[in-house]
Amino acid sequence: VTEPATFYEAVGGAETFHRLVATFYREVAADEVLRPLYPEEDLGPAERRLRMFLEQYWGGPRTYSDERGHPRLRMRHMPFRIGPIERDAWLRCMRIAVEEIGSEVLDDEHRRALLDYLEMAANSLVNSTF
Ligand code: HEM
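Computed from a predicted structure; not experimentally measured.

Engineer: Before we go on, may I ask you to explain the pattern of salt bridges in this structure?
Structural biologist: Opposite charge on two side chains makes pairing possible when the charged atoms of those side chains draw close. By the definition in use, this model includes 10 salt bridges. Arg 51 serves as the salt-bridge partner of Glu 47, at 4.0 Å between the closest nitrogen and oxygen. Residue Glu 47 and its partner Arg 51 are located together in helix α3 (residues 44-57), separated by 4 residues, close to a single helical turn. You'll find Glu 47 and Arg 51 in the same group, each marked buried. When salt bridges that share partners are traced, they join Arg 26, Glu 27 and Glu 100 into one network.

Below is the structure:
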């Protein structure tokens, strides 16, 4: 048996990232803090950008950079005021999405790594003290 070469492969590849981000945006659509931040009525394009980014980050296809160039996430989030409330709302939606992926796909070790990364990344994008 060949060991998966990347985190992306180890957790089920495209299908897992699709599910994760679809669930996340289902939660965003219903979140009164986050939903107003998204400029477009259709969350579909934003969902696709986040999915491509996360796939690339974890060793999957590099479609994000092919389409969007360097991520520059801090700069790209500057148009939005992201304080502790927005960060917590974002993480709450993400934790729900991660929880909904079963342990047969995402074992404890990979789940922990994913949650730790998301928490670190969300903290790094906070650009307001309120
Ligand atoms: C884009 C909010 C954290 C990755 C966006 C957009 C908003 C937003 C409103 C614009 C939607 C769009 O047009 O794509 C937030 C808030 C966060 C947060 C409130 C709370 C901390 C994160 C984190 C990541 C991330 C932690 C990565 C792990 C992205 C990506 C895009 C994006 C990849 C699209 C960038 C582009 O190519 O234009 N975010 N975000 N965001 N966000 Fe976040």
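Further notes follow.
Engineer: Explanation requested: the packing of aromatic side chains in the structure shown.
Structural biologist: Two aromatic rings are characterised by how far apart their centres lie and by the angle between their planes. Under the definition given, this model contains 10 aromatic pairs. An aromatic cluster is defined as three or more aromatic residues linked by ring pairs; in this entry it consists of Phe 7, Phe 53, Tyr 57, Trp 58, Tyr 64 and Tyr 117.

Engineer: Which parts of the structure should I look at to understand α3?
Structural biologist: Owing to its 3.6 residues per turn, the α-helix brings residues three or four apart onto one side. The first and last C-alpha atoms of α3 sit 20 Å apart over 14 residues, in line with the 20 Å expected at 1.5 Å per residue. Residues of α3 that are buried include every one of Ala 46, Glu 47, Leu 50, Arg 51, Met 52, Phe 53, Leu 54, Glu 55 and Gln 56, and no others. For α3, the secondary structure elements touched by its buried residues are α1 (7-10), α2 (13-29), α4 (63-68), α5 (73-77), α6 (84-99) and α7 (108-124). Phi turns positive one or two residues past the end of α3, at Gly 59, with a value near 100°.

Engineer: It is not clear to me how the site of the ligand should be interpreted in this structure. Could you clarify?
Structural biologist: Near the ligand you find 20 residues, and of these Arg 49, Tyr 64, Arg 68, His 77 and Trp 90 are the closest. The separation between an oxygen atom of the ligand and a polar side-chain atom of Arg 68 is 2.6 Å. Counting residues per element, the shell around the ligand draws most heavily on α3, which supplies 4 residues. In terms of residue class, the shell around the ligand is made up of 15 nonpolar, 1 polar and 4 charged.

What counts and how
Residues numbered from 1 in each chain as written. Predicted model: local features only at pLDDT ≥ 70, side-chain atom pairs only at ≥ 80, totals over all residues. Heavy atoms only, no water. Salt bridge = Lys/Arg side-chain N within 4 Å of Asp/Glu carboxyl O. Helix = DSSP H or I, 4+ residues; strand = E, 2+ residues; numbered from the N terminus. Buried < 20%, exposed > 50% of the residue type's maximum accessible area, 1.4 Å probe, protein only. Phe/Tyr/Trp six-rings, centres within 6.5 Å; stacked < 30°, edge-to-face > 60°. Expected span 1.5 Å × (residues − 1). Contact = heavy atoms within 4.5 Å. Near = heavy atom within 4 Å. Polar contact = N/O pair within 3.5 Å; in protein donor to acceptor, adjacent residues only side chain to side chain. Nonpolar A, V, L, I, M, F, W, Y, C, P; charged D, E, K, R; others polar.

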